[in-house]
Amino acid sequence: MKTDRKISLSALKTEQSNSAAPDLDRRSALEIARFINAEDSTVASAVQRVLPQIARAIDLVAAALRKGGRLIYV
């Protein structure tokens, strides 16, 4: 699967500071753990919103594997 689309990493939400925790470095370990846990709880709904795209990716990978291709992920 080849794409010519370039992605700017600095534009990804995962590469931005989280405005909900500007002082994360000054919080206790328990507060940090609670914050991470709360953020983790948002994953399922985010995945649900892109299930069609995930299914398409699965189909493309499966087709490539059937043709002797490989899946390499990091």
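The rules behind each value
- Position numbers for residues count from 1 along each chain, tracking the sequence in the order it is written.
- For a predicted model such as this one, the threshold for reporting local features is a pLDDT of at least 70, and the threshold for listing and counting side-chain atom pairs is 80 or more; totals across whole chains, interfaces and linings nevertheless cover every residue.
- Side-chain numbers here rest on the full set of heavy atoms in the structure, without hydrogens or water.
- Ring pairs shown here join Phe, Tyr and Trp side chains whose ring centres sit within 6.5 Å, with only the six-membered ring taken for Trp; geometry is labelled stacked below 30 degrees between planes, edge-to-face above 60, and tilted in between.
- We call a charge positioned over a ring when the NZ of a Lys or the CZ of an Arg lies within 6 Å of the ring centre and within 35 degrees of the ring normal.
- One speaks of a salt bridge when a side-chain nitrogen belonging to Lys or Arg is within 4 Å of a carboxyl oxygen belonging to Asp or Glu.
- For each residue, the accessible area found with a 1.4 Å probe, counting protein chains only, is set against the maximum for its type, and the residue is called buried under 20%, exposed over 50%, and partly exposed in between.
- By the criteria applied, helices consist of DSSP H or I runs no shorter than four residues and strands consist of E runs no shorter than two, each listed in order from the N terminus.
- Multiplying one less than the number of residues by 1.5 Å gives the expected span of a helix.
- Only residues above 30% relative accessible area that lack a salt bridge enter a patch, with like-charged residues linked at up to 9 Å and the nonpolar side chains Val, Leu, Ile, Met, Phe, Trp and Tyr linked at up to 5 Å.
- Only the protein chains shown count as cover for residues, and all accessible areas are computed by the Shrake-Rupley method using a 1.4 Å probe.

## Some thoughts on the packing of aromatic side chains
Okay, step 1: Enumeration over the complete set of coordinates arrives at 0 aromatic pairs.
Okay, step 2: One residue, Arg27, lies across the ring of Phe35, its end atom 5.7 Å from the ring centre.

## Section: the pattern of salt bridges
Okay, step 1: Applying the stated criterion across every chain yields a total of 1 salt bridge.
Okay, step 2: We note a salt bridge from Asp23 to Arg27, for which the minimum N-O separation is 3.1 Å.
Okay, step 3: Judged by its relative accessible area of 26%, Asp23 falls in the partly exposed class.
Okay, step 4: When its relative accessible area of 25% is taken as the criterion, Arg27 is described as partly exposed.

## Description of helix H3 (residues 51–66)
Okay, step 1: Taking 1.5 Å per residue, 16 residues should reach 22 Å; H3 reaches 22 Å between its end C-alpha atoms and fits that length.
Okay, step 2: At the exit of H3 stands Gly68, carrying a positive phi of roughly 90°.

## Examining a nonpolar patch on the surface
Okay, step 1: Residues Val43, Val47, Val50, Leu51, Ile54 and Ile58 make up a contiguous nonpolar surface patch of roughly 460 Å² in combined accessible area.
Okay, step 2: At the level of elements, helix H2 (43–49) and H3 are the ones that each hand at least two residues to the nonpolar patch.
Okay, step 3: With 3 residues, H3 is the largest single contributor of residues to the nonpolar patch.
Okay, step 4: Within the fold, Ile58 resides in helix H3.
Okay, step 5: Looking at Ile58, the relative accessible area reads 53%, which means it is exposed.

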